[in-house]
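# Structural features, examined
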Amino acid sequence: MAVFLLLFSVLLFSCFLPRTVVYAQRSFTIRDITLSIEPGPDVRRDINVTLRCRAIVSVSGQEALSREYTIYKDSRPIYTKASSTLEDLLYPLPHSRVSNSGRYKCAINIQGQQMSSRVQKLTVTGLSKPLLHLNKSLVMNGEELTATCTAPNETGSILFYFYEGTKEIVEEQVNSDQVEVKFRLDSEGIHWIHCSYKVFVGGDSLKSNESNSVIVSVKELPFAVVLEIAPQSRIYEGDLVFISCTVSNGSEDPHLSSEDPHLISEETHLYLSQGNKLLSSGHTKVNYSMMALANSPEDFECKLEMGKIKKTTTKTVLVLELFSTPTLTMSPAEVFQKEYLTLTCKSKSYASERLRPEELTYTLDPLQSLLIPKEDGVFFGRVLQYDFNYTCVATARGIVKRSPTLTIRPKVFVSTPKISAVGLVVIGRPFQILCQSDTGSLPINYTLMEDYEPLRTVSVERSSDQAVFTVTISGSEQIKRYMCEAKNSRKEGELSKRLSVAVVEPLTEPTLIAGSAKFPNLPDVSEGDHLYLVCSVKGTPPVTFKWYRVGSELPLYITMSHDTNADYQIPALSKDHSGTYYCEAVNHANNVVRSDPVVIEDAAPLFNGTEKRLTNRVRYPLTSAAGAATRSQPQCISQRAGHDFLFCIERK
C-alpha cells in the first residue's frame, strides 16, 4: 500500500509540474502599439475613415494569447474588442462627419499587461446643408406652425436655429440630425423662414450654412377682437369703469359664409385679464365693471382662442389720482420720553374739480395711539416711553391710502453724571478724569469744569466710547475743583458732584538725623548707647523707608510707615559701627528720594585733667551745588559729665 501511494504521488507531481513552469514564467512581452488613421488625419465629410490599431507582441511557444483592444476618443472609451489573432484591429468610420473629429488612441491588455499608443488627431471638415420643411404655407393670424429642420446624416450634439428673416424665432438642442418645433407668427403678410444648425466637437463648435427658405403667408382672421373701456377719458380713481371684450364674425365681408371653417364655433373662447389676474371669460362677449385705481400695474388684455388660433388686443387706461398718498411727519424732529409732540398727516395734492377738502379725512393707525386730534390731519400728545409705529390713513369716496410707517423712537434724558479719576492721582503728574452717566440716549456731550469754568468737551457717540480728560494738579486741594456736566438735549445739562479722590504728594526733603534716647535731638551718644538714625520726609504716607551703610548694597533695615518719619536703631553703639549712613524713602508716587549721608567715626583722644577719655565723632557733610561733599570746620558740642564721646557736627 505504501509503494502504491508513493507511485501515485510521483505520477501526480510529474503531471502538474510542466504547467506550473509555464505560468510561472513570462511567455510574452508587448513591444509596441501604434494607431494610424486611413486615408489620413484630415478628410472631407463623407470620406470613409479607418482607425488601424497595430500591436507588436513577442510570444514564446505556440499558445495563442487573448488580446483585448480598446479605442479611445477624447480620453473616453468608444469601442472594445477581444481577439486571439495577430491581425490588426480595424475600427471603421463610414461616411465620416464633423462630429467624428477628435483625438484618438488605442490600448491593448494581455493578462494584465497594458500598453497605449500615441494620440492621433482626426479632423473632418464640411457640414451638410440643412433642410427646412413647414406643415403649412398659408395660416391664419395666431395659428400654430410646425417646422422640421434636418442636418442630413450629421451626428453628435446639434443645436438647431429657426429664423424669420434675420430674427431668431426659436432654438433647440438635440442628439439627432432632425428636430421639430412649433411657433406662431404674430403679423399678417409674407414671412420667410429658414434654419441652420451648430455641431459641438470637443470644446469647439462648427456652424452650418443656412437652409432653404420657405415662404409662409399669414392671413388676417375674419374676426375682430374688440376691447372697449368707458369712460374713455378723465378717469379718476374711485370711478366705476365698464370694460367690454367682444369678437365679431366680420359679416360685413361678402366673401365669408357659414361654411368658412374659421367662423365662430363652440371652440371659441374670450379671456379678459389685467396683468396676471384673469378678470372674466366667455364665449363671444365678456362684460366687466370695476372701481378704477390709480397706478394700475398692468394693461387690460382681451384674448381670443379658437383651437390653435390665438389673437389678442390690449389697451392702457390712465387713471388720475383723486388724492395723493399721505405723508406723516413729526415735530419736533427729535423727542424725549414724556415730551409732547405733534404728528401731521397730509396729502400733498387732490383733484379739486372732483373732491371737496372736507371729504378727505385723516386718521391714525393704531387708533389707541393716545394722541388727540387738534385739527384735520394734526394730532398732539405726550410721547410714550418706548418705540412706537404710526401710520396715517387718508380716506375719500371709498378710496383708502396709507402713508409709510413712521417709527417714533423717544430718546432718554441723560442722567446725572459720575466723575472719577482713572488710576492714581499724583501731584505734578498728568492723570485722567472719567465722566459717565448711567442712562441717556447718545450722543452725549460731557464737559469738564474747574470751579464752573468749562475746560473741555467730549462727545460720546457710541456705547463703546468714553469721556476721558487729562489734567495735572499742583496741590491736593485743587482736585475738589473739578466737576462734570452731561448734556444730550435742549435743556440744561446735568452736573456731577465735585471730584473727591485721594491725592498722592511725591516725597521731598529727605533728612537723616542721629541721636540717642537721652538726647534725641543731639548727636551725643556714648559707646554702648542706643543709637537712633531717624529718616524724615515730606509727602503722602504710607512711606517705605530703607537705611544703608556705604559699602553694602543691601539695606540695613526696611520698614513701611503711615507717618512721614521712621527710625533705624543700633542697640549698643561700638567702634564697629563707624561708617557712613544714609536713608531712602518711596511712597505711591514711586519716586525714590535719598538723604544726605551721616558719618560716624572715631575722634582723636582728648585729655581732661589726668583722665584720658575716648570720643566718637558724628559728621553731617555739606553738599555743594555740583553734588560733591565738602567739609567745614566742625562745631563740637562740649563734653558732658558721664559721657565718653564727643560729637562734632558740620552745620549747613
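Keep in mind that this is a model prediction, so the values were computed, not measured.

Now for the sheet that holds strand E45 (residues 508–516). Spatial strand order, E45-E46-E49: three strands in an open sheet with antiparallel pairing. The open sheet is flanked by E45 and strand E49 (565–570), the only strands paired with a single partner. Looking at each pair of strands side by side, their axes are set apart by 15° on average, direction ignored. In terms of strand pairing, E45 meets strand E46 (residues 531–538) through seven bridges, oriented antiparallel. Looking at E46, one finds that Leu512 is bridged to Cys535.

Take the side chain of Lys411 next. Topologically, Lys411 is positioned in the loop between strand E35 (406–408) and strand E36 (418–422). What makes Lys411 buried here is its relative accessible area of 13%. A polar side-chain atom of Lys411 sits 3.1 Å from a polar atom in the side chain of Glu334. Setting aside residues up to four positions removed in sequence, Lys411 forms contacts with Glu334, Val335, Phe336, Gln337, Ser441, Leu442, Pro443 and Asn488.

Let us look at the nonpolar core. If you look at the biggest cluster of nonpolar residues, it comprises 26 residues, and the most contacted ones within it are Phe323, Leu328, Leu341, Leu343, Tyr390 and Ile408. Elements supplying a minimum of two residues to this core: strand E28 (327–331), strand E29 (340–346), strand E30 (361–365), strand E33 (388–396) and E35. A total of five residues in this core trace back to one element, the largest contributor, which is E33.

Tallied over the entire structure, the rule returns six disulfides. The disulfide that involves Cys345 links it to Cys392, with 1.2 Å between the sulfurs. Placement of Cys345 in strand E29 and of Cys392 in strand E33 is noted, with a sequence separation of 47 residues between them. A relative accessible area of 0% places Cys345 in the buried class. Sulfur-sulfur distance for the disulfide between Cys435 and Cys484 comes to 2.3 Å. Linking Cys435 in strand E38 (residues 431–436) with Cys484 in strand E42 (residues 482–487), this pair joins segments that are 49 residues apart in sequence. Using a relative accessible area of 0% as the deciding quantity, one classes Cys484 as buried.

For the rest of this paragraph, the subject is the sheet that holds strand E22 (residues 268–274). Taken in spatial order, the four strands make up an open sheet running E23-E22-E25-E26, and their pairing is antiparallel. Of all strands in the sheet, those bounded by a partner on one side alone are strand E23 (277–282) and strand E26 (309–315). Neighbour-to-neighbour, the strand axes of this sheet turn through a mean angle of 20°, independent of strand direction. Pairing of strand E25 (residues 300–306) with E26 involves seven bridges; the strand directions are antiparallel. Paired with Cys302 across the strands is Thr313, a residue of E26.

What follows concerns the environment of Ser347. Looking at the element boundaries, Ser347 is found in the loop between E29 and E30. It is 9.3 Å that separates the C-alpha atoms of Ser347 and Tyr362, two residues lying 15 residues apart in sequence. In this view, Ser347 contacts Phe323, Ser324, Thr325, Pro326, Leu360, Tyr362 and Ala394; residues no more than four positions away in its chain are not counted. Of the polar contacts made by the side chain of Ser347, one reaches the backbone oxygen of Ser324; its length is 2.8 Å.

Turning our eyes to something else, we now look at the side chain of Ser128. By the element assignment, Ser128 lies in the loop between strand E9 (120–125) and strand E10 (131–134). With near-sequence residues (within four places) excluded, Ser128 lies in contact with Arg45, Ala151, Pro152, Glu154, Tyr197 and Ser208.

Next up on the list: the environment of Gln432. Relative to the helices and strands, Gln432 resides in strand E38. Relative accessible area serves as the criterion here: at 34%, Gln432 is assigned to the partly exposed category. Considered as a pair, Gln432 and Thr472 are 40 residues apart in the sequence and their alpha carbons are 8.7 Å apart. Not counting residues up to four positions away in its chain, the partners in contact with Gln432 are Ser420, Ala421, Val422, Val468, Phe469 and Thr470.

Using the criterion set out here, one finds 25 salt bridges in the structure. Among the ionic pairs, Glu144 bridges to Arg184, the shortest N-O distance being 4.0 Å. With Glu144 in strand E12 (residues 144–150) and Arg184 in strand E15 (residues 178–184), the pair connects residues that are 40 residues apart, well separated along the chain. Between Arg594 and Glu584 there is a salt bridge whose closest N-O contact spans 2.8 Å. With a gap of 10 residues between them, Arg594 in strand E51 (residues 593–594) and Glu584 in strand E50 (residues 579–586) connect regions that are remote in the sequence.

Predicted coordinates in areas of low pLDDT are best not read in detail. Overall, the predicted model of the protein chain reaches an average pLDDT of 83, with 83% of residues at or above 70. The element-level mean pLDDT for the protein chain is lowest in strand E56 (residues 622–623), coming to 34, with strand E47 (residues 543–549) highest at 97. Under a pLDDT of 50 for its full length, residues 251–263 has, in the predicted model, 13 contacts with residues more than four places off or in other chains. Here residues 620–652 is modelled with pLDDT under 50, and outside its nearest four sequence neighbours on either side it reaches 81 contacts, counting other chains as well.

About the cut-offs
- Residues numbered from 1 in each chain as written.
- Predicted model: local features only at pLDDT ≥ 70, side-chain atom pairs only at ≥ 80, totals over all residues.
- Heavy atoms only, no water.
- Pairing = 2+ DSSP bridges.
- Helix = DSSP H or I, 4+ residues; strand = E, 2+ residues; numbered from the N terminus.
- Axes fitted to C-alpha atoms, helices over the stretch in contact; angles between N-to-C directions.
- Buried < 20%, exposed > 50% of the residue type's maximum accessible area, 1.4 Å probe, protein only.
- Polar contact = N/O pair within 3.5 Å; in protein donor to acceptor, adjacent residues only side chain to side chain.
- Contact = heavy atoms within 4.5 Å.
- Core = buried A, V, L, I, M, F, W, Y, C linked by side-chain atoms within 4.5 Å.
- Disulfide = S-S within 2.5 Å.
- Salt bridge = Lys/Arg side-chain N within 4 Å of Asp/Glu carboxyl O.
- pLDDT = per-residue confidence, 0-100.

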